[in-house]
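Listed below are the residues making up each chain.
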Amino acid sequence: MATPTWVKVVGFDDAERHSLNTLFRLSERMSPSYVLWAPECPSQPHVALIDLDSYEGGLEIASPRFNPNLKLICVGGKPPAHAWRTFTRPVDWSAMLRVLDGLFAAKSDVDIDVETGEGAERTVPPGVKLSLLVGLARQDRLYLRARLALAGMTDVEDVDTAADAAAKVSKRQYDLVVISLELIDADPWALVQTLKNMPTPVRSIIIATDAPSWRAMEMAEHLGCTGMLEIPFDPQQVVELLQKV
């Protein structure tokens, strides 16, 4: 079975649920493979299908817990501004499948020539955000992994040094890099500058430190970082920064 793409489904009548279940079942041996998401699943959902004509769908969209980073496909009703695609009823399930495939069908692996001369770039489904944690203590990495998962960002890697980070970013395009200000092998600001000067810069860089200062905050702002996280982490601060990614 292919690596599953988890789909959160909210609302829909019995006949539409039957159509969706059939679509998921037929995709089991294909790539992408779509699987109905439930809260007990080992991953956060990659996409949400919301029935806007249902009571449950309205509650989901209005909920303060709704993840703004989650790709949203709506059926019926008046879609919110951040909806990625919208369908009217009766639903064209073939068109729905094409939309999902367009979002999650992985491109062919691309061989790249890095300094070591080894390896191929690992590809991920379009729409899935990649994160890299650099130089953080184990307990801090685990906490951020959990928070990133709750924000729908489940593809996370971590390294201990700036050298390891440089090797990673030469092979993959990351949407978010979190860098410890207490890096052991390099100036963290030099690493930030390197990531910003890449041909395709990292979209969001967040600095994490247990010794915040005005100078560090000013430097982060000057270099275009998304923000700075103070360790021990403040959950509200983490949530607010991840919403900017």
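Scope of this entry: the structure provided in the associated data block. (Residues numbered from 1 in each chain as written. Predicted model: local features only at pLDDT ≥ 70, side-chain atom pairs only at ≥ 80, totals over all residues. Heavy atoms only, no water.)

1. Structural notes on a negative patch on the surface
- Negative charge collects at one region of the surface, where Glu182, Asp210, Glu230, Asp234 and Glu240 lie side by side.
- On the secondary structure map, Glu182 appears in the loop between strand 10 (176-180) and helix 6 (188-196).
- Residue Glu182 is classed as partly exposed on the basis of its relative accessible area of 36%. (Patch = residues over 30% accessible without salt bridge, like charges linked within 9 Å, V, L, I, M, F, W, Y side chains within 5 Å. Areas by Shrake-Rupley, 256 points an atom, 1.4 Å probe, with all protein chains shown as cover. Salt bridge = Lys/Arg side-chain N within 4 Å of Asp/Glu carboxyl O. Lys, Arg positive; Asp, Glu negative; His and termini not counted. Charge placed at Lys NZ, Arg CZ, Asp CG, Glu CD. Helix = DSSP H or I, 4+ residues; strand = E, 2+ residues; numbered from the N terminus. Buried < 20%, exposed > 50% of the residue type's maximum accessible area, 1.4 Å probe, protein only.)

2. Overview of the nonpolar core
- The biggest cluster of nonpolar side chains holds 25 residues, and the ones touching the most others in it are Val134, Ile179 and Leu195.
- For this core, the secondary structure elements donating two or more residues are strand 8 (130-134), helix 5 (162-169), strand 10, helix 6, strand 11 (204-209) and helix 7 (214-222).
- Per-element tally for this core: the top contributor is helix 6, with four residues.
- Excluding anything up to four places from it in sequence, Leu195 contacts Val169, Val177, Ile179, Pro201, Val202 and Ile205.
- Membership of the second largest hydrophobic core comes to 21 residues, among which are Phe12, Phe87, Val99 and Val128. (Core = buried A, V, L, I, M, F, W, Y, C linked by side-chain atoms within 4.5 Å. Contact = heavy atoms within 4.5 Å.)

3. Brief notes about the environment of Ile206
- Here Ile206 is to be found in strand 11.
- Along the sequence, Ile206 and Ile179 sit 27 residues apart, while their C-alpha atoms lie 6.3 Å from each other.
- Not counting residues within four places of it along the chain, the set of residues in contact with Ile206 comprises Leu176, Val177, Val178, Ile179, Thr226, Gly227, Leu229 and Leu241.

4. Details of the pairing of strand 12 (residues 227-230)
- Across four bridges, strand 11 lies against strand 12 in parallel orientation. Note on strand 12: the bridge partner recorded for Ala208 is Leu229.
- Taken together, strand 11, helix 7 and strand 12 constitute a β-α-β crossover, and its handedness is right-handed. (Pairing = 2+ DSSP bridges. Right-handed = clockwise from strand over helix to strand, strands pointing away.)

5. A short note on the sheet that holds strand 12
- As summarised here, the arrangement of the five strands in space is 9-8-10-11-12, forming an open sheet in which the pairing is parallel. A single partner strand is all that each edge strand has here, and the edge strands are strand 9 (155-159) and strand 12. The mean inter-strand angle of the sheet, taken between neighbouring strand axes irrespective of direction, is 20 degrees.
- Direction of pairing for strand 8 relative to strand 10: parallel, over a ladder of four bridges. Looking at the pairing, Ser131 lines up with Leu176 of strand 10.
- Seen against the sheet, helix 5 touches strand 8 and strand 9 and runs at an angle of roughly 165 degrees to strand 8. (Axes fitted to C-alpha atoms, helices over the stretch in contact; angles between N-to-C directions.)

6. What to know about the pattern of salt bridges
- Summed over all chains, the structure comprises 10 salt bridges.
- Between Arg141 and Asp158 there is a salt bridge, with its nearest N and O atoms 3.4 Å apart. Here the residue Arg141 occupies a position in helix 4 (residues 138-150), and Asp158 occupies one in strand 9, the gap between them amounting to 17 residues.
- Under the relative-accessibility criterion, Arg141 is labelled buried at 17%.
- The exposure class assigned to Asp158 is partly exposed, which follows from its relative accessible area of 27%.
- In this structure, the salt-bridge partner of Arg172 is Asp155, at a minimum N-O distance of 3.6 Å. Of this pair, Arg172 sits in the loop between helix 5 and strand 10 while Asp155 sits in strand 9, and the two are 17 residues apart along the sequence.
- Here Arg172 falls in the buried class, since its relative accessible area comes to 7%.
- When its relative accessible area of 15% is taken as the criterion, Asp155 is described as buried.
- When salt bridges with common partners are traced through the structure, they connect Glu16, Asp51, Asp53 and Arg89 into a single cluster.

7. Focus on the sheet that holds strand 2 (residues 33-36)
- The sheet built from five strands is open, its strands ordered 2-1-3-4-5 with parallel pairing. Each edge of the open sheet is held by one strand with a lone partner, namely strand 2 and strand 5 (85-87). The mean inter-strand angle of the sheet, taken between neighbouring strand axes irrespective of direction, is 25 degrees.
- Pairing analysis gives three bridges linking strand 4 (residues 71-75) to strand 5, with the strands arranged parallel. Its bridge partner lying in strand 5, Ile73 is registered against Arg85.
- Set on the sheet, helix 3 (residues 93-104) makes contact with strand 1 (4-10), strand 2, strand 3 (47-51), strand 4 and strand 5; between it and strand 4 the angle comes to about 175 degrees.

Read these as geometric descriptors, not functional statements.
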